[in-house]
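Structural features, examined
So the chains spell out like this:
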Amino acid sequence: MSSVRSDPIHRIHSEPIDHFDRLPDSLLLLVFNKIGDVKALGRCCVVSRRFHSLVPQVENVVVRVDCVISDDDCSPSSSSSDKSRAAGPFSNLFRLLFGGIVKPLQALGQFLGPKRSTLNETLNTPSSSSLSVGPGGDDDGEMDQGGVTHHSPTQVLRNFNEIRFLRIELPSGELGIDDGVLLKWRADFGSTLDNCVILGAGSVINNVHLQVSEYVNDGFCINNGSNVGNGDDNGSIPESFYTNGGLKLRVVWTISSLIAASARHYLLQPIIAEHKTLDSLVLTDADGQGVLCMSRDQLEELRVKPLSASSASKRTLVPALNMRLWYAPHLQLPDGVVLKGATLVAIRPSEQSASKKEVSDASWLSTAFEEPYGTAAKMLVKRRTYCLEMNSF
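Residues numbered from 1 in each chain as written. Predicted model: local features only at pLDDT ≥ 70, side-chain atom pairs only at ≥ 80, totals over all residues. Heavy atoms only, no water.

**Quick word on the pairing of strand E12 (residues 280-285)**
Burial runs high along E12: 5 of the 6 residues are buried. Looking at chain direction, strand E6 (residues 165-170) and E12 are connected through 6 bridges and run parallel. Each residue of the ladder has a partner; that of Arg-167, found in E12, is Val-282. The sheet contact formed by E12 and strand E13 (residues 290-295) spans 4 bridges and is antiparallel. (Buried < 20%, exposed > 50% of the residue type's maximum accessible area, 1.4 Å probe, protein only. Helix = DSSP H or I, 4+ residues; strand = E, 2+ residues; numbered from the N terminus. Pairing = 2+ DSSP bridges.)

Here it is as structure tokens:
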């Protein structure tokens, strides 16, 4: 009686098992959501048909813009533009104030590209995420420069159907400032500005550990490294602040930051309208200069109540504002960092709904910035408060 034996050769050369097939879709989506970056997700699309069908369902997406393409880059006027940029930060600030929106903000206009392409085509050809500047940009959100195809963020995002958390990162901040100068802002928007907080300093000295007596001679002393002593100033702004251009500079910082925030907000409209599943939207920059945030309620508010646009430029109209300012000539943080001419400005619309006014200052000022600057904000609000008003612009 013969026995049936399995073929050992067949066992050795049996078809390989794809262990990914054993993983449920929900687990793969969890991995893709941890990846987030659109370029990496685009590469995942070409791995398999299954991956290609799952990537559009990702809820957490991060778009890092590689470059800003300007019409000046292809025109003879680019050299004069370079000279203008090299003239210093104040020329950049005044160009922002009186010349409309600076180039990185104009570049966001390419979010409006209507052309749709598959995700793996968009992200796996020789390409990069970019924003193009000026009215000459292609309407389809796709440009060819130096053999590299550039795609607008909107063109890429149209391939995602269920985005809930979206983060877009510009390659740099919009506002030109001197080396060593600190300028950070955070703004929350619905259909218009809800609040904005700005932190600035004339200079930042890192890891300074000086004796208490040295600070006393400077007119301020330290209590256990955590609080700032004010000498006899009682938190008051010194007279020199008004006469040496300190106040004027802070006004420029404030208006510039508000224009940058309102321009970002205006140019996010198409993305917000197209992705109704969004719970959170953050538009920031690699320098950490400015952050625009919108929650689910604020996103829905914008869809229901259209924004008011500025007649002068492509940005959201900034409403009449109430502002509070805190200032310290020297502010030493617990980690030894010293901010010279530290200034905090808290901004809210003059006319705001009762529900939004219920949000306490402590809740949004203390969480506006990452450390060590969050601590700086908490320390500054303990000083004397100065109130200002600003008309709509």
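**Section: the environment of Arg-167**
Within the element layout of this structure, Arg-167 appears in strand E6. Classification of Arg-167 by relative accessible area gives partly exposed; the value is 37%. Along the backbone, Arg-167 and Leu-281 are 114 residues apart, and their C-alpha atoms lie at a distance of 5.9 Å. Beyond its immediate stretch of four places on either side in the chain, Arg-167 contacts Val-61, Val-62, Val-63, Val-282 and Thr-284. (Contact = heavy atoms within 4.5 Å.)

**Comments concerning the side chain of Asp-285**
By secondary structure assignment, the location of Asp-285 is in strand E12. Among the polar contacts made by the side chain of Asp-285, one reaches the side chain of Arg-264 at a distance of 2.9 Å. In this structure the side chain of Asp-285 is engaged in a polar contact, spanning 2.8 Å, whose partner is the backbone nitrogen of Gln-289. Setting aside anything within four residues of it in sequence, one finds Asp-285 in contact with Glu-169, Leu-170, Ser-172, Gly-173, Arg-264 and Gly-290. (Polar contact = N/O pair within 3.5 Å; in protein donor to acceptor, adjacent residues only side chain to side chain.)

**So, helix H14 (residues 296-304)**
Burial in H14 covers these residues: Gln-298, Leu-299 and Leu-302. For H14, the angular spread of the buried residues around the axis is 100°, confining them to a single face. Facing away from the buried side of H14 by over 90 degrees, the exposed positions are Asp-297 and Val-304. Contact partners of the buried residues in H14: strand E7 (182-189), strand E8 (193-201), helix H12 (246-266), helix H13 (269-274), E12 and E13. (Arc of directions from axis to C-beta.)

**A short note on the pairing of strand E14 (residues 321-332)**
As paired elements, E14 and strand E15 (residues 338-349) share 11 bridges and run antiparallel to each other. Bridge pairing in E15 places Leu-331 opposite Leu-339. Hairpin connection between E14 and E15: a loop of 5 residues separates the two successive antiparallel strands, and Gly-336 in this loop has a positive phi of roughly 95°. With 5 bridges connecting them, E14 and strand E16 (residues 386-390) associate as antiparallel partners.

**Digging into the packing of aromatic side chains**
Within this structure, the stated rule accounts for 3 aromatic pairs. Arranged with centres 5.2 Å apart and planes meeting at 85°, the rings of Phe-32 and Phe-51 form a pair that is edge-to-face. Of the two residues, Phe-32 is situated in helix H2 (residues 25-35) and Phe-51 in helix H4 (residues 49-54); the sequence distance between them amounts to 19 residues. The buried category is assigned to Phe-32, whose relative accessible area is 3%. Owing to a relative accessible area of 9%, Phe-51 belongs among the buried residues under this scheme. When the centroid spacing of 4.4 Å and the interplanar angle of 50° are considered together, the rings of Phe-241 and Tyr-327 count as tilted. One end of the pair, Phe-241, is in helix H11 (residues 240-243); the other, Tyr-327, is in strand E14, with 86 residues separating them in the sequence. Residue classification places Tyr-327 among the buried residues on the basis of a relative accessible area of 9%. An aromatic cluster of at least three residues, connected via ring pairs, comprises Phe-241, Tyr-242 and Tyr-327. (Phe/Tyr/Trp six-rings, centres within 6.5 Å; stacked < 30°, edge-to-face > 60°.)

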